[in-house]
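Spelled out from the first residue to the last, the chains are:
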Amino acid sequence: MKKIIAMVLALVMVFALTAVASADDAKTEVKVGFITLHDEQSTYDKNFIDAAKEACEKLGVEYKIQTGVPEGQECYDTAMDMVDDGFNIVFADSFGHERFLLQAAQECPEVEFCHATGTMAHTAGQANFHNAFASIYEGRYLAGIAAGMKLNEMIESGKITAEQAVMGYVGAYTYAEVISGYTSFYLGAKSVCPSVTMKVTFTGSWYDMQKELDAAQDLIDKGCVLVSQHADSLGAPSTCEAAGVPNISYNGSTIDAAPNTYIVSSKINWVPYFEYMITCVQNGEPIATDWTGDLSTGSVELAELNEAVAAPGTAEAIEAAKAELEAGTLHVFATENYTVNGEHETEHMADVDTDAAYTPDTNVIADGYFHESEFRSAPYFDLQIDGIELLDTTF
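As the structure is a computational prediction, the values presented were derived from the model and not from experiment.

K.L.:
In this structure, what is going on with the pattern of salt bridges? I would like to understand it.
P.N.:
When their charged atoms lie close together, side chains carrying opposite charge are able to pair. One pass over the structure, following the stated rule, counts seven salt bridges. One salt bridge in this structure joins Lys199 and Glu389, with 2.9 Å as the shortest N-O distance. Taken together, the residues Lys199 in strand β7 (residues 197-202) and Glu389 in strand β17 (residues 388-390) connect sequence positions 190 residues apart. Look at Lys199 and you get buried, because its relative accessible area is 19%. Glu389 sits in the partly exposed class, given a relative accessible area of 39%. Across the pair Asp218 and Lys222 runs a salt bridge, and its minimum N-O distance is 2.8 Å.

As structure tokens, then:
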């Protein structure tokens, strides 16, 4: 009897292993092509490149990264070359890549095309074209708390007065993504330092080292005592390090370039999305048309806090706010926390379903807050709130 039982168990094991092997064999083989605007010299692109390598190597899939692809016909050509080489997922990382990637998707319905920061997928009606982003405004808000804590320390030490708590912000373009970012950063700072104001300048480029150097210096010359950025080079952090001005960076730690002034950095962690899109294709499952990561998915992160520069209590203040954000008891764009021309907003029509004229089409304020990145993944916060001054300096 024992021999019979042993034989039955052995057969069960064989069938189980065969089923597992069959399931593995049934998975679609995946090859992923990544298209980036710049190379690893850009903090923005480096963040994508690092995540692509981590996700693909973890899942054991073949991949290729093509750097330095402009936001033009070159993106379409690169995508089509990847299709010809057998890649069945193609991902592009820059806003201006979108329409060229969509063109490739329309011509190659058997391949999945995924794009970061874009706005077209949820209205394009193209089943193999997808947008993805994350609620980075929450990360910016947390980084803003670190900035506000530092300003409070400077005020308490007598280094500046409350009225001199002026931050500077180097922005790339006047896009909603940038506006959402600098506004959430400001609101985070204001939540702990009520007297803070901010000056914002624009370079007209995602990556231009000299312009970002000059922009940061101009802000410092105009009295900004702490500087942050939504631009992709080390220009602003390097300027801050040379001037001894505290800095909040983006897309990853810049502590190596600015050990004496770097405080913290917010970033989107793209690994969860890359793993998601790959496993969807492997399993024959649809990729979400418009995907938004958040704190709970591990898609929004803060890089290491530089305790040598950060004010005491910063880590604890960030953790407390993070817990509230995750619990839904804190909303970054709560209308009670900001005004526009002295008035609290009760409704706002935003350009969610983007058209050529960027026509506002959706009321995005309800329940006392602006619902950012809920109607589509890419940001659409475009309000110019009180306390933030936009400079018209040209670099």
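K.L.:
How do you make sense of the packing of helix α8 (residues 209-221) against helix α9 (residues 235-243) when you look at a structure like this?
P.N.:
A pair of packed helices is captured by two measures, namely the crossing angle of their axes and the spacing between those axes. Two elements in contact, α8 and α9, have axes whose closest approach is 7 Å; the angle formed by their N-to-C orientations is 45°. Taken together, the axes of α8 and α9 are oblique relative to one another. α8 and α9 meet at a crossing whose hand is right-handed. Of α9, the residues touching α8 (which contributes Met209, Glu212, Leu213, Ala216, Gln217 and Ile220) are Gly235, Ala236, Ser238, Thr239 and Ala243. Tallied by class, residues from the contact of α8 with α9 come to six nonpolar, four polar and one charged.

K.L.:
Can you help me understand the nonpolar core in this one?
P.N.:
Here is a general trend for soluble globular proteins: nonpolar side chains tend to be buried in one another's company. Ranked by internal contacts, the top residues of the largest apolar core, which has 87 residues, are Trp270, Phe274 and Met277. Considering every element that reaches this core, the biggest residue donor is helix α6 (residues 136-156), with eleven residues. Among residues more than four places away in sequence, those in contact with Phe274 are Phe34, Phe48, Ala51, Ala52, Ala55 and Phe91. Counting 21 residues, the second-largest nonpolar core is a separate cluster that includes Ile35, Val69, Cys75 and Phe129.

K.L.:
Explain the sheet that holds strand β2 (residues 62-66) to me, please; I cannot follow it from the model alone.
P.N.:
Sheet strands pair by backbone hydrogen bonding; their relative direction is either parallel or antiparallel. Ordered by their spatial adjacency, six strands build an open sheet running β2-β1-β3-β4-β5-β11, and the pairing between neighbours is parallel. Among the strands making up the open sheet, the edge pair consists of β2 and β11 (290-293). Sheet twist, expressed as the mean angle between neighbouring strand axes with direction ignored, is 20°. Note: strand β1 (residues 31-35) against strand β3 (residues 89-92), four bridges, orientation parallel. Along β3, the bridge assignment pairs Val32 with Ile89. Packing against the sheet, helix α4 (residues 98-107) makes contact with β3, β4 (112-116) and β5 (129-134), and its axis sits at approximately 170° to β4.

K.L.:
How should I be thinking about the environment of Thr123 in this particular structure?
P.N.:
Inspection of the secondary structure assignment puts Thr123 in helix α5 (residues 121-124). The exposure class of Thr123 is partly exposed, given its relative accessible area of 42%. Taking the C-alpha atoms as reference points, Thr123 and Asp355, 232 residues apart in sequence, are found 9.7 Å from one another.

K.L.:
Just checking my understanding: could you explain the environment of Lys190 for this structure?
P.N.:
Tracing the backbone through its elements, the reader meets Lys190 in helix α7 (residues 176-190). Along the sequence, Lys190 and Thr314 sit 124 residues apart, while their C-alpha atoms lie 14 Å from each other.

K.L.:
Looking at this structure, how should I read the confidence of the model for the chain?
P.N.:
The predicted coordinates should not be examined in detail at positions where pLDDT is low. Considering every residue of the chain, the mean pLDDT works out to 94; 93% of them sit at 70 or more. Counted against residues more than four places away or in other chains, residues 1-23, with its pLDDT under 50, gives zero contacts.

K.L.:
Is there a simple way to explain the pairing of β4 in this structure?
P.N.:
Along any regular strand, the residues point their side chains to alternate faces of the sheet. Summarising burial for β4: four of the five residues are buried, a large majority. Relative to β4, β3 runs parallel, the two being bridged by four bridges. Following the sheet pairing, Val90 is matched in β4 by Phe113. Viewed along the sheet, the connection from β3 through α4 into β4 turns out right-handed. Of the pairings in the sheet, the one linking β4 to β5 comprises four bridges and is parallel in character. What sits directly across from His115, in β5, is Asn131.

K.L.:
How should I be thinking about the packing of aromatic side chains in this particular structure?
P.N.:
The relative placement of two aromatic rings is captured by the distance of their centres and the angle of their planes. The final tally for this structure, using the stated rule, is 27 aromatic pairs. For the pair Phe34 and Phe274, a centre-to-centre distance of 5.0 Å together with 65° between the ring planes defines the contact as edge-to-face. Within this pair, whereas Phe34 is found in strand β1, its partner Phe274 is found in helix α10 (residues 271-282), the two being separated by 240 residues in sequence. Exposure class is identical for Phe34 and Phe274. Each is buried.

K.L.:
Just to check I follow, could you spell out the sheet that holds β17 for this structure?
P.N.:
Within the open sheet, the seven strands sit side by side as β12-β10-β9-β8-β6-β7-β17. Their pairing is mixed. Two strands lie at the open edges of the sheet, namely β12 (300-302) and β17, each paired on one side alone. Between one strand axis and the next, the sheet turns through 20° on average, direction left out of account. Where strand β6 (residues 166-171) and strand β8 (residues 226-230) come together, five bridges link them in parallel fashion. If you follow Gly171 over to β8, its bridge partner there is His230. Across the sheet, α9 lies against β6, β8 and β9 (247-250), angled at about 165° from β9, the strand it touches most.

Thresholds applied
Residues numbered from 1 in each chain as written. Predicted model: local features only at pLDDT ≥ 70, side-chain atom pairs only at ≥ 80, totals over all residues. Heavy atoms only, no water. Salt bridge = Lys/Arg side-chain N within 4 Å of Asp/Glu carboxyl O. Helix = DSSP H or I, 4+ residues; strand = E, 2+ residues; numbered from the N terminus. Buried < 20%, exposed > 50% of the residue type's maximum accessible area, 1.4 Å probe, protein only. Axes fitted to C-alpha atoms, helices over the stretch in contact; angles between N-to-C directions. Parallel < 35°, antiparallel > 145°, perpendicular 65-115°, else oblique. Left-handed = near helix turned anticlockwise from the far one by under 90°. Contact = heavy atoms within 4.5 Å. Nonpolar A, V, L, I, M, F, W, Y, C, P; charged D, E, K, R; others polar. Core = buried A, V, L, I, M, F, W, Y, C linked by side-chain atoms within 4.5 Å. Pairing = 2+ DSSP bridges. pLDDT = per-residue confidence, 0-100. Right-handed = clockwise from strand over helix to strand, strands pointing away. Phe/Tyr/Trp six-rings, centres within 6.5 Å; stacked < 30°, edge-to-face > 60°.

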